[in-house]
2 protein chains.
Amino acid sequence: MPEISPLQKARAAYQPRLPKILAENGPFAQAQLGEPTHSVADQEAIQKLFPDTYGLPAIDFVPGSPRETAPIRAGVILSGGQAPGGHNVIAGLYDGLKKLNAQNQLFGFLGGPSGLIDDKSMLLTDEIIDSYRNTGGFDMICSGRTKLETEEQFQKVMETCQRHGITAIVIIGGDDSNTNACTLAQYLVAQKAGIQVIGCPKTIDGDLKNKWIEVSFGFDTATKVYSELIGNIMRDANSARKYWHFIKLMGRSASHIALECALQTHPQACIVSEEVAAKKLSLKQIVDQLTDIVVDRARRSLNFGVVLIPEGLIEFIPEIQTLIAELNDLLAKNQAAFDALPDLEAKVAFVEERLTPAHKEAFQPLPAAIKAQLVGDRDPHGNVQVSKIETEKMLAEMIDANIRVLNATEPKKLKFSSQCHFFGYEGRCAAPSNFDANYCYSLGYTASALIAAGKTGYMASCRNISKPIDQWVAGGIPLTMMMNMEHRHGKDVPVIKKALVDLEGKPFQTLVENREAWAKGVDFRYPGPIQYFGPAEVCDLPTQTLALEHL
Amino acid sequence: MPEISPLQKARAAYQPRLPKILAENGPFAQAQLGEPTHSVADQEAIQKLFPDTYGLPAIDFVPGSPRETAPIRAGVILSGGQAPGGHNVIAGLYDGLKKLNAQNQLFGFLGGPSGLIDDKSMLLTDEIIDSYRNTGGFDMICSGRTKLETEEQFQKVMETCQRHGITAIVIIGGDDSNTNACTLAQYLVAQKAGIQVIGCPKTIDGDLKNKWIEVSFGFDTATKVYSELIGNIMRDANSARKYWHFIKLMGRSASHIALECALQTHPQACIVSEEVAAKKLSLKQIVDQLTDIVVDRARRSLNFGVVLIPEGLIEFIPEIQTLIAELNDLLAKNQAAFDALPDLEAKVAFVEERLTPAHKEAFQPLPAAIKAQLVGDRDPHGNVQVSKIETEKMLAEMIDANIRVLNATEPKKLKFSSQCHFFGYEGRCAAPSNFDANYCYSLGYTASALIAAGKTGYMASCRNISKPIDQWVAGGIPLTMMMNMEHRHGKDVPVIKKALVDLEGKPFQTLVENREAWAKGVDFRYPGPIQYFGPAEVCDLPTQTLALEHL
């Protein structure tokens, strides 16, 4: 058994809190059914695809008395990227199931959806659960990225469950995984398999969010870890007064993480991809705007600052988006000739010669290292690996190039030195904050209550979570309610609508109201590390995003 | 006034603790003089250079009664790189001085030594001090890297002090800054200037350490921040099970930071530069050893791990050290021809043609990006910028190359994917841990007591600091006692001996005892974020390095 750190030991003893209804009634709380629901869009198409699970009522829990329930076996999987608190979802589910009936059993399927398909599981015990309470990571049963979407896979899942006598599966995942959970639920109902499917909203990216799911778990902890580090770097920037720090933040397409970190720390600039797309900003415009901020500060001897960059930025810059598409196409068509070229510079030249004029114009000003990444690093399908493009270095180098041009005529030379960072893995597996520890445990516990109520095709939900936990509302939301039709990979498919940053929303508007002042001054805010044991105003605050969205 | 985060607000109220003698007697504790001392080496030469400050007795404090003291004015500077707790040194000094006599004044000189030379200062007030208590960073008065070493500079410092009526200066810095403090103290005594000089041991690198100075401040906090992040990444590695993380850690030449983080987190490998130098390991040997660890795990489907790399590694690899020297020489001699070359590949070829055979052999297997860094990025003096070489990427790429070779004959292909990180700025300005908050405050307070005792040429010291604070021993150590002669930039100069990792010491030996098991298994230890408010065993533990060195 590996050595446990003192904090882990102390933290293992933390008993996560539950919404009042569950704290008082346990998983015996009764499911109170609301009105029938509709999908957020494309009602007709969604109803057709989910005839048995469409239109289910939303569920709130009301008091209920302990009752005898027949013993059940349930399964759980973690799906997709890690997020702080996954273990607590499982612990909440486990505790709820055991409270329903001490004979209940919970199987953890290993390595994500593939564990369910290939029947690789582990019976979870008190000892296992106890050793993972309030810990970060997904290492208890691990996760995986297999997509559960074909009928053949559904069939295998059904067989796996039948083999073990499992009558309920909890799928802990992001928008894609919950989309798949929705389809699986419909399949199993149609098959009359008697197997319930319940989803739980997981992702640090914060893009699984809607009227009923106020936030996905993990967003709180991950953004707090990143904000701690950004604050520390800001102190350094303000002490050394000689560097601009360009910090790229994980979060895939959506900019929720960058935005939340900006609200927490007050950087000189925070790029929001959704704004770039809405305003159709070119890379040159973005670089010029940042250069203006740098120059304005340099002229006032403030040769330092912090710029936050969302991971997905590059895909939102119109001309880079189409450049990448053309590059993928070009390289696919000329693969043999391209691969035969002796070195990277020849490859870059090869590409430059063949790009259409507009894309040539977009490609040429890029720094050499970025050109090399666009041309050199391709995935097994031959596509540009967008996620590996070091946008933080790209922006820093392009600003540097701008400053060099200005310095040719600037009476007092402008100073600009940069440091680049990328934060992602530092926060995805942090031990959950009190918020996430409680939220995750409550989601898992809610899932057990939905199982007890015999429901399928629901997502466990806790609402009103920007308020103290005794005001949280536990319930279940029909998965079909969050669906719409989208065009993906050449066909229309039903998916849970991904939440990008709402440019009219209060979080982004708060950035807009403040960013000019932050750009000019030194308004850094230092959140510090996540605290578990101190005063409530230090330990239990939700994210600014959540607070602002639910003022 | 920028917004204050809830943690900062709560933390501002923390009252750092003092060693018993200072807690009970304040700065009125009496200086008890020990036996005359000697420098650690080269006694004759050191004595000759420091005739007035050599051989001073070490000081311990004993009880003393409050007494009236004449009002004094003192100055303080922060010198060199940031370290957590610098503001608390100033706060401790301020509080001690005010306790001695409410009329006492403390001037903060701005931007490091240059503030003292150019007379840029700020009178520190209750309001200023209070707003920086227990905060990270050096932004209260900022730091600088000007070296205080010429007689002309000393003269200016003296004039600055005389202009303000300042009779004591506290220099908060690392080994170089305290070496300079020693020389300044001697100068001012010789000039009969009546200006005392007291040093304080600062540096996250942990390389200012000896029999009397158990650790420099900031090491505790910085290594705790890095260990938090490393632990989080380990959870991720153990959850995703598909990446090797190569993490470079700040710390200049010494490997204390990497070693401490390894003891905290139990990685698959931690390179210690001092061992590389002692065993004269070539880069190939290092890469081959790491490859063996990767391969052994890959064959057991453990396709993940964490490798810690000290910042200074590259300078300790014998053939790279001499390669860099030859490169600097070669480029200096052929600058015009070299600068005229059209691109990086031509420059690399130019260099390869001209290197001596042994260095050509060392240069050729390096990854292209590293060659480019060695050849392309040079400092204003034309030298290779060693600190910018991405050793973490170099090692990852060279292991990858090894694995490709092995895979040509391996029956089941070995998997190897890597992610690279560099942690430095994330920890240098973190808010100090309880340990550093107390230690720094105590050092500053001790400095005030040394000033009250009329001493000069001393470093403030707290010993026995691996024990609870009521057992800490406050005192003063003659700066000359830590000096020896070293050959630097072509001449013999007196310097404070830099402490590299002791390969016979308990911390390194603990790594040696465990590293084989850590390499093979999954023994990760997750320290978590610094806690300020929890149980003592979570909040107040010193580093493993300190604990092991003072068992």
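All values reported here derive from a predicted model rather than from experimental measurement.

**Points about the overall build of chain A**
Next, step 1: For chain A, the count of helices and strands is 23 helices and 15 strands.
Next, step 2: Over its C-alpha trace chain A gives a radius of gyration of 25 Å, about what one expects of a compact globule, namely 24 Å for 551 residues.
Next, step 3: With respect to the three principal axes, the spread of C-alpha positions in chain A is 85 × 60 × 50 Å.
Next, step 4: Across the 551 residues in chain A, those meeting the buried criterion constitute 60%.
Next, step 5: Restricting to contacts in chain A with at least 6 residues of sequence separation, those with at least 24 account for 78%.
Next, step 6: Carbon together with sulfur atoms contributes 51% to the accessible area of chain A, which is approximately 20800 Å² in total.

**Re the sheet that holds strand β11 (residues 418–423) of chain B**
Residue and element names in this part refer to chain B.
Next, step 1: With respect to topology, four strands assemble into an open sheet ordered β9-β10-β8-β11, the strand pairing being parallel. Only two strands of the sheet have a single neighbouring strand rather than two, namely β9 (269–270) and β11.
Next, step 2: One ladder, built from six bridges, connects strand β8 (residues 244–249) with β11; its direction is parallel. Across the sheet, His-245 pairs through a bridge with Gln-419, a residue of β11.

**Details of the pattern of salt bridges**
Next, step 1: As enumerated under the stated definition, the model contains 60 salt bridges over all chains in all.
Next, step 2: Here Lys-520 of chain B makes a salt bridge to Asp-296 of chain B, at a shortest N to O gap of 3.7 Å. Pair noted here: Lys-520 of chain B is in helix α21 (residues 506–520) and Asp-296 of chain B is in helix α12 (residues 283–298), with a separation of 224 residues, a long-range link.
Next, step 3: Note on Lys-520 of chain B: relative accessible area 41%, which makes it partly exposed.
Next, step 4: Because the salt bridges share partners, they merge into one network encompassing Asp-175, Asp-205, Asp-207, Arg-252 and Lys-498 of chain A.

**Let's talk about the relation of the copies chain B and chain A**
Next, step 1: Mapping chain B onto chain A calls for a rotation angle of 180° and an axial translation of 0.0 Å; the resulting RMSD is 0.0 Å. Such a combination of rotation and displacement between the chain copies is what one expects of a two-fold axis.

**Some thoughts on the pairing of strand β7 (residues 196–201) of chain A**
Residue and element names in this part refer to chain A.
Next, step 1: For β7, a buried count of six out of six residues is recorded, marking the element as mostly surrounded by other parts of the structure.
Next, step 2: Neither face of β7 is open: one carries Gln-196, Ile-198 and Cys-200, the other Val-197, Gly-199 and Pro-201, and all of them are buried.
Next, step 3: What joins strand β6 (residues 166–173) to β7 is helix α8 (residues 175–190), and the crossover it makes is right-handed.
Next, step 4: For β7 and strand β12 (residues 458–463), the ladder comprises two bridges, and the chain directions are parallel. Bridged to Ile-198 within β12 is Tyr-458.

**Some remarks on the interface of chain B and chain A**
Next, step 1: At the interface, 63 residues of chain B touch 63 residues of chain A.
Next, step 2: Across the chain B/chain A interface, buried area totals approximately 4800 Å², and carbon plus sulfur atoms make up 51% of it.
Next, step 3: Viewed at the interface, chain A and chain B are joined by eight salt bridges.
Next, step 4: With its nearest N and O atoms 2.8 Å apart, the salt bridge here joins Asp-139 of chain A to Arg-235 of chain B.
Next, step 5: Our count for the contact surface shared by chain B and chain A stands at 30 residue pairs in polar contact (both at pLDDT 80 or more).
Next, step 6: Those elements that place two or more of their residues in the side of chain B that touches chain A are α1 (6–12), α9 (219–240), α16 (344–354), β11 and α22 (536–539) of chain B.
Next, step 7: For the side of chain B that touches chain A, the leading source of residues is α9 of chain B, giving ten residues.
Next, step 8: Of the residues in the side of chain B that touches chain A, the class split is 28 nonpolar, 18 polar and 17 charged.

**Structural notes on the packing of helix α10 (residues 256–265) of chain A against helix α21 (residues 506–520) of chain A**
All names here are of chain A.
Next, step 1: Two elements in contact, α10 and α21, have axes whose closest approach is 10 Å; the angle formed by their N-to-C orientations is 50°. Comparing their axes, α21 and α10 come out oblique. Read as a crossing pair, α10 and α21 show a hand that is left-handed. When α10 is examined against α21, the residues Leu-259, Ala-262 and Leu-263 are found in contact with a partner set consisting of Pro-507, Phe-508, Thr-510, Leu-511 and Trp-518.
Next, step 2: Grouping the constituent residues of the contact of α10 with α21 by class yields seven nonpolar, one polar and no charged.

**As for α16 of chain B**
All names here are of chain B.
Next, step 1: Every buried residue of α16 is listed here: Lys-347, Val-348, Phe-350, Val-351 and Glu-352.
Next, step 2: Looking at the buried positions of α16, the neighbouring elements they touch are α14 (318–333), α15 (335–339), α17 (357–363) and α18 (368–376).
Next, step 3: Residue Asp-343 occupies the N-cap position of α16, its side-chain oxygen lying 3.2 Å from the main-chain nitrogen of Glu-345.

**Observations concerning the side chain of Arg-133 of chain B**
Residue and element names in this part refer to chain B.
Next, step 1: Relative to the assigned elements, Arg-133 resides in the loop between α6 (126–132) and α7 (151–164).
Next, step 2: Relative accessible area serves as the criterion here: at 15%, Arg-133 is assigned to the buried category.
Next, step 3: Within the structure, the side chain of Arg-133 is placed 2.8 Å from the side chain of Asp-130, a separation counted as a polar contact.

**Examining α10 of chain A**
Residue and element names in this part refer to chain A.
Next, step 1: Most of α10 sits inside the fold, with ten of its ten residues counted as buried.
Next, step 2: Residues His-256, Ile-257, Ala-258, Leu-259, Glu-260, Cys-261, Ala-262, Leu-263, Gln-264 and Thr-265 constitute the buried set of α10.
Next, step 3: At the exit of α10 stands His-266, carrying a positive phi of roughly 65°.

**Observations concerning unusual backbone geometry**
Next, step 1: Phi is positive for Asn-134 of chain A, close to 60°, though the residue is something other than glycine.
Next, step 2: One can find Asn-134 of chain A in the loop between α6 (126–132) and α7 (151–164).
Next, step 3: For Lys-192 of chain B, which is not a glycine, the phi torsion comes out positive at approximately 50°.
Next, step 4: Relative to the helices and strands, Lys-192 of chain B resides in the loop between α8 (175–190) and β7 (196–201).
Next, step 5: Look at Lys-192 of chain B and you get exposed, because its relative accessible area is 74%.

**Let's talk about the nonpolar core**
Next, step 1: Counting 182 residues, the largest nonpolar core has Ile-90, Tyr-226 and Leu-249 of chain A together with Ile-90, Tyr-226 and Leu-249 of chain B as the members making the most contacts within it.
Next, step 2: Listed in part, the 46 residues of the second largest apolar core include Ile-286, Val-294, Ala-298 and Leu-330 of chain A.

**Some words on the environment of Leu-290 of chain B**
Residues and elements named next belong to chain B.
Next, step 1: Considering the arrangement of structural elements, one finds Leu-290 in helix α12.
Next, step 2: The class of Leu-290 is buried, set by a relative accessible area of 6%.
Next, step 3: On a C-alpha basis, the gap between Leu-290 and Gln-268 in space is 9.1 Å, while along the polypeptide they are 22 residues apart.

**Things to note about the packing of aromatic side chains**
Residues and elements named next belong to chain A.
Next, step 1: Enumeration according to the criterion identifies 19 aromatic pairs over all chains in this entry.
Next, step 2: Ring centres of Phe-154 and Tyr-187 lie 5.4 Å apart, and the angle between their planes is 50°; on these two criteria the pair is classed as tilted. Here Phe-154, found in helix α7, pairs with Tyr-187, found in helix α8; they are 33 residues apart in sequence, far enough to count as distant.
Next, step 3: The class for Phe-154 is buried, based on a relative accessible area of 4%.
Next, step 4: Aromatic side chains Tyr-439 and Trp-472 sit 6.1 Å apart centroid to centroid with 85° between the ring planes, which places their arrangement in the edge-to-face category.

**A look at the sheet that holds β12 of chain A**
All names here are of chain A.
Next, step 1: Strand order in the open sheet made by the nine strands is β1-β2-β13-β12-β7-β6-β3-β4-β5, with mixed pairing throughout. The open sheet is flanked by β1 (30–36) and β5 (121–123), the only strands paired with a single partner. Taken over all neighbouring pairs, the strand axes of this sheet differ in orientation by 25° on average, direction set aside.
Next, step 2: Helix α4 (residues 86–100) rests against β3 (73–78), β4 (105–109), β6 and β7 of the sheet, and its axis sits at about 175° to β3.

**Side note on the environment of Gln-153 of chain A**
Residues and elements named next belong to chain A.
Next, step 1: Inspection of the secondary structure assignment puts Gln-153 in helix α7.
Next, step 2: Since its relative accessible area comes to 16%, Gln-153 is described here as buried.
Next, step 3: Once the C-alpha coordinates of Gln-153 and Leu-116 are considered, the two residues, 37 residues apart in sequence, prove to be 9.1 Å apart.

**Overview of the side chain of Asn-134 of chain A**
Next, step 1: Given the relative accessible area of 2%, Asn-134 of chain A is considered buried.
Next, step 2: For Asn-134 of chain A, the contacting residues outside a window of four places in its chain are Arg-11, Ala-12, Tyr-14, Pro-16, Asn-88, Ala-431, Pro-432 and Ala-437 of chain A.

**A closer look at the confidence of the model for chain A**
Next, step 1: On average, chain A scores 95 in pLDDT, and the residues at 70 or more come to 100%.
Next, step 2: As a predicted assembly, this complex carries a pTM of 0.97 together with an ipTM value of 0.97.

Reading the values: the criteria
Residues numbered from 1 in each chain as written. Chains lettered and ligands numbered in written order. Predicted model: local features only at pLDDT ≥ 70, side-chain atom pairs only at ≥ 80, totals over all residues. Heavy atoms only, no water. Helix = DSSP H or I, 4+ residues; strand = E, 2+ residues; numbered from the N terminus. Rg over C-alpha atoms; globule rule 2.2 N^0.38 Å. Buried < 20%, exposed > 50% of the residue type's maximum accessible area, 1.4 Å probe, protein only. Contact = heavy atoms within 4.5 Å. Areas by Shrake-Rupley, 256 points an atom, 1.4 Å probe, with all protein chains shown as cover. Pairing = 2+ DSSP bridges. Salt bridge = Lys/Arg side-chain N within 4 Å of Asp/Glu carboxyl O. Least-squares fit on C-alpha atoms with pLDDT ≥ 70 in both. Right-handed = clockwise from strand over helix to strand, strands pointing away. Buried area = accessible area lost by both parts, 1.4 Å probe. Polar contact = N/O pair within 3.5 Å; in protein donor to acceptor, adjacent residues only side chain to side chain. Nonpolar A, V, L, I, M, F, W, Y, C, P; charged D, E, K, R; others polar. Axes fitted to C-alpha atoms, helices over the stretch in contact; angles between N-to-C directions. Parallel < 35°, antiparallel > 145°, perpendicular 65-115°, else oblique. Left-handed = near helix turned anticlockwise from the far one by under 90°. Core = buried A, V, L, I, M, F, W, Y, C linked by side-chain atoms within 4.5 Å. Phe/Tyr/Trp six-rings, centres within 6.5 Å; stacked < 30°, edge-to-face > 60°. pLDDT = per-residue confidence, 0-100.

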